[in-house]
Amino acid sequence: MDDDPISSEEAAIMAAVIDAIEPDTSITAEHLHQQLVAEMADPPTLADVQSALAILRMPHLGYTPGESATAVLDRMRALLDRAENPPAVDLDQYLGNLPY
């Protein structure tokens, strides 16, 4: 069983969108979708492209146009792993010896 939080289909969509983005160029989901339709045998849907762009715009992902899809997907996996396995919280550190 694969424990990757990103399915191979989702990763392929993200990679296609990331690779299609030209740095320093204004993009729209519609433009990227048209480009991917022209370049790919099985392109993602417009909704998939819109979702991928929404994910890339999330500030905590820290995406910069021109980055490799591998780097971005690795960062996405790390974020998902931290969300699924948060560090333990030492309540004594935060509560101390509060009188209650």
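Residues numbered from 1 in each chain as written. Predicted model: local features only at pLDDT ≥ 70, side-chain atom pairs only at ≥ 80, totals over all residues. Heavy atoms only, no water.

### Some points on the overall build of the chain
Along its length, the chain carries five helices and zero strands. Order of helices (α) and strands (β) in the chain, N terminus to C terminus: α-α-α-α-α. A compact globule built from 100 residues should have a C-alpha radius of gyration of about 13 Å, whereas the chain, at 19 Å, is more than 25% larger. Expressed as a percentage of its 100 residues, the buried residues of the chain come to 24%. Considering only contacts within the chain whose residues lie at least 6 apart along the sequence, 53% involve residues at least 24 apart. With an accessible surface of roughly 7,100 Å², the chain has 54% of that area assigned to carbon and sulfur atoms. Averaging the locations of the 4 positively and 18 negatively charged side chains of the chain gives two centres separated by 6 Å. (Helix = DSSP H or I, 4+ residues; strand = E, 2+ residues; numbered from the N terminus. Rg over C-alpha atoms; globule rule 2.2 N^0.38 Å. Buried < 20%, exposed > 50% of the residue type's maximum accessible area, 1.4 Å probe, protein only. Contact = heavy atoms within 4.5 Å. Areas by Shrake-Rupley, 256 points an atom, 1.4 Å probe, with all protein chains shown as cover. Lys, Arg positive; Asp, Glu negative; His and termini not counted. Charge placed at Lys NZ, Arg CZ, Asp CG, Glu CD.)

### Points about the layout of surface pockets
Volume-wise, the largest pocket comes out at about 170 Å³. Around the largest pocket, the lining residues are Pro 5, Ile 6, Glu 10, Ile 13, Met 14, Asp 48, Ser 51, Ala 52, Ile 55, Met 76 and Leu 80. The set of elements that each furnish at least two residues to the lining of the largest pocket consists of helix H1 (8-20), helix H3 (46-56) and helix H4 (69-84). Among the residues forming the lining of the largest pocket, the class breakdown is eight nonpolar, one polar and two charged. (1 Å grid on protein atoms, 1.4 Å probe; cavity = no way out; pocket = protein on both sides within 12 Å on 5 of 7 lines; lining within 4 Å. Points joined across faces, edges and corners; volume = space filled by probe spheres on them. Nonpolar A, V, L, I, M, F, W, Y, C, P; charged D, E, K, R; others polar.)

### Here's the deal with unusual backbone geometry
One non-glycine residue, Asp 24, lies in the positive phi region at around 60°. If you trace the backbone, Asp 24 turns up in the loop between H1 and helix H2 (29-39). We classify Asp 24 as exposed; its relative accessible area is 84%.

### As for a nonpolar patch on the surface
Residues Val 89, Leu 91 and Leu 95 make up a contiguous nonpolar surface patch of about 280 Å² in total accessible area. Mapped onto the fold, Leu 95 is located in helix H5 (residues 91-95). The partly exposed category is assigned to Leu 95, whose relative accessible area is 36%. (Patch = residues over 30% accessible without salt bridge, like charges linked within 9 Å, V, L, I, M, F, W, Y side chains within 5 Å. Salt bridge = Lys/Arg side-chain N within 4 Å of Asp/Glu carboxyl O.)

### Looking at the pattern of salt bridges
Inspection of the entire model under this criterion finds three salt bridges. Between Asp 4 and Arg 77 there is a salt bridge; the shortest N-O distance is 2.9 Å. Taken together, the positions of Asp 4 in the segment before H1 and Arg 77 in helix H4 put the pair 73 residues apart, joining distant regions of the chain. In this structure Asp 4 comes out as partly exposed when scored by relative accessible area, which is 26%. Note on Arg 77: relative accessible area 24%, which makes it partly exposed. One salt bridge connects Asp 74 with Arg 77, and the closest N-O pair in it is separated by 3.7 Å. Highlighted residues: Asp 74 and Arg 77, both in helix H4, separated by three residues, approximately one helical turn.

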